[in-house]
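Now for the letters of each chain:
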Amino acid sequence: MTGWIGPLVLLAGAALLAWHMVRPNFRDLRISAAEFLPEFDQSQARRNRFQWKLPLRSLPFLARMVILGAITFALWSHLLPPPPTPGGATPTHLRIVLDGSPSMALGTRAADARAAVETLSATVLAAHPGACFDLVHVGAASVLVPGAMVAAHLDRAVPARDGVAAQALLAALAGTAAAPDCPGPVTHAAIVSDVPAMQVSETLFAGPVAWWQVGAPLENAALGGLRLVGGGLAGVAPRIEVSAHVHGAGGTAPRLAVARGAARAEVTMQRDLARAGGWQAILPYPGPGPLTVTLLDGGAYSGDDRLRATLPDLGRIAVDWQAPDLPRPAAFDAGGTADPLVARLDALPGVPTDRPVILFHDGWDQRDAGAAIGAFVQDHPLLDLVNLDVLEPRLPRGLAALPPGFQPVLMTSRDGGRAVLAVRSDPPGVILPAPTATESQARALGLLMLGNALRHVLSPEARPEGLPVTRLDAAGDEIADPLWESDTFRDLAPPPDLAPLTRSAPDPAAAGRAQHDAGWVPWLMLLAALALLAERVLGLGWRARA
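All values derive from a computational prediction rather than experimental measurement. Note that residues are indexed from 1 along each chain, following the sequence as it is written. Given that this is a predicted model, residues contribute local features only at a pLDDT of at least 70 and side-chain atom pairs are listed and counted only at 80 or more, while totals for whole chains, interfaces and linings are drawn from all residues. Side-chain metrics rest on all non-hydrogen atoms present in the structure, leaving aside hydrogens and water.

Participant: What is the right way to read the pairing of strand β10 (residues 255-260) from this model?
Facilitator: Consecutive side chains of a regular strand alternate in pointing toward one face of the sheet and then the other. Between any two strands, at least two bridges found by DSSP are needed for them to pair. Only DSSP runs of H or I with at least four residues qualify as helices, and only runs of E with at least two residues qualify as strands; both kinds are numbered from the N terminus onward. Sheet topology places β10 next to strand β11 (residues 263-268); six bridges connect them, and they run antiparallel. Note on β11: the bridge partner recorded for R260 is A263. The hairpin turn running from β10 into β11, its antiparallel successor, is two residues long, and G261 in that turn takes a positive phi close to 65 degrees. Note: β10 against strand β14 (residues 289-296), five bridges, orientation antiparallel. By the bridge assignment, A257 is partnered in β14 with T294.

Spelled out as structure tokens, the structure:
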């Protein structure tokens, strides 16, 4: 690749030298009586002649030589390989990262992985005499195995019980110390897993990496989780939503076995049209206590087929109701000082900061005639189903100042904005006008706001999002993160190209010298640019050829 540099430089230098050796081959004659003489014949001699003489007195010539030299050295340091160092290239050290997750025990994956390990080690050892290799088995923990003990380790290795994240395979490239028989740095790497190949950044590992995927696609179904929906102030009967995901064709509807105490039941799941491959089942809320759900015929991997949850008590909510002009709803039990407080704002010496509160002000009784709706928080739960067009002609009078921690949700346009509704996040709190208006529509709006406030403050926070669950294996023992192993229906990629593993590792010392030499290239190019500028300036006035 670099053999053309020398001849090209010599040719450019010779051409530049020859151009500066050209001299004028004529003289400028001045004749005082030219008008009396006939015209001279056109000279047939060449106007330029070549003269063997170095133009060392020509400043433009010297500037051009500087340009040529700077560009030559820049190309030379960038393209020519650095000289070898004593000791030669870095000894080859192959590290094989083997996935030890539970899904690697399915089908023929364990045997395919062992065959891949043997092929990788044999290929590298044949291409690099004197090379060494080790294996990192990534399971419950990363285990470093010297090359001589790999076969014995694979004979007795068992897959991990808990799920293993794919990122753990990448971390094993740089996070494990070298084995005793491979003291040098890792120069080549290979990853054997049932996970499709991922991108390995050069910051993680700069050498060649081969990713070998094993395991034909296998159908599997996995339980997603449980949600408790409804009950309490939701206005509908409580129910349990069970979600599942099928990896594969999924032609048959999954079936669930539901156990609560001694009671057993089977339920057929229905397709969840909102999710590709999704299924769901709706169970009636059976009451507080433990609930176990098992996915029957769950497919290839059984670690994601069973889960257990403890259902909360959806009994009546206790409330410290201190609003004398508004009776306590029958859905609530009488509470004490540790329960949520419902009271009038002006009747309290201070707003409690250690428990949820719903506080009333006299907005409906003191309407602000002529005021309009000012700023408000769009789609806030306190304004759910509230018609602002109906509210504005009956707008309650707002508060000029709010207790610490409260932020306005709806304000009037009077006096720069008065807060009609306000909310506090922690602990939950709401300030709203007391629903004591006598006019029918105003009273309806007040009761609607009160219902929104009760749901906002008193509804359990975690229930709508999902119940905490414990994952169980087929034996009933707890396991962690089984959903990382659920997708066993991935397309199998062909074996990787092992040619990069057969190439020798670069010499780090030579690479460091090459990087050091390349650091001069910007300075050489700057010198060439300055010399070109000088040559152009000198060329404007330079006339000497000698």
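Participant: Sorry if this is basic, but what is going on with the sheet that holds strand β6 (residues 188-193) here?
Facilitator: Through backbone hydrogen bonds, the strands of a sheet pair up, either in parallel or in antiparallel fashion. Read from one edge of the open sheet, five strands run β5-β4-β3-β6-β7, paired in mixed fashion. Single-partner strands in this sheet number two, and they are β5 (142-146) and β7 (209-213). Each neighbouring strand pair of the sheet contributes to a mean axis angle of 20 degrees, computed without reference to strand direction. The pairing of strand β3 (residues 93-99) with strand β4 (residues 132-138) spans seven bridges and is classified as parallel. Bridge pairing links V97 to V136 in β4. The angle between two axes is taken between their N-to-C directions and runs from 0 to 180 degrees, where each axis is a line fitted to C-alpha atoms and a helix contributes only its stretch in contact.

Participant: Help me understand unusual backbone geometry, please; the structure alone is not making it clear to me.
Facilitator: Note the cis peptide between D426 and P427, where omega equals -10 degrees. Mapped onto the secondary structure, P427 falls in the loop between β22 (419-424) and β23 (429-433). Its identity as a non-glycine residue notwithstanding, D379 has a phi of 60 degrees, on the positive side. Tracing the chain through its elements places D379 in the loop between β20 (373-376) and α6 (388-391). Exposure categories follow from relative accessible area, calculated using a 1.4 Å probe and restricted to protein chains: below 20% of the type maximum is buried, above 50% is exposed, and the middle band is partly exposed. According to the relative accessible area criterion, D379 is exposed, its value standing at 73%. Of note, the phi angle at D481 is positive, near 50 degrees, even though the residue is not glycine.

Participant: Teacher, can you tell me more about the pattern of salt bridges here?
Facilitator: Two side chains that carry opposite charge are able to pair once their charged atoms sit near each other. Salt-bridge detection follows one rule: a side-chain nitrogen of Lys or Arg within 4 Å of a carboxyl oxygen of Asp or Glu. Applying the stated criterion across every chain, the model contains 15 salt bridges. The residue D134 makes a salt bridge to R95 at a minimum N-O spacing of 3.1 Å. Taken together, the residues span a long stretch of sequence, with D134 in strand β4 and R95 in strand β3 at a distance of 39 residues. Residues joined in a network through salt bridges with shared partners are D325, R344, D346 and D362.

The analysis is restricted to geometry; functional conclusions fall outside its scope.
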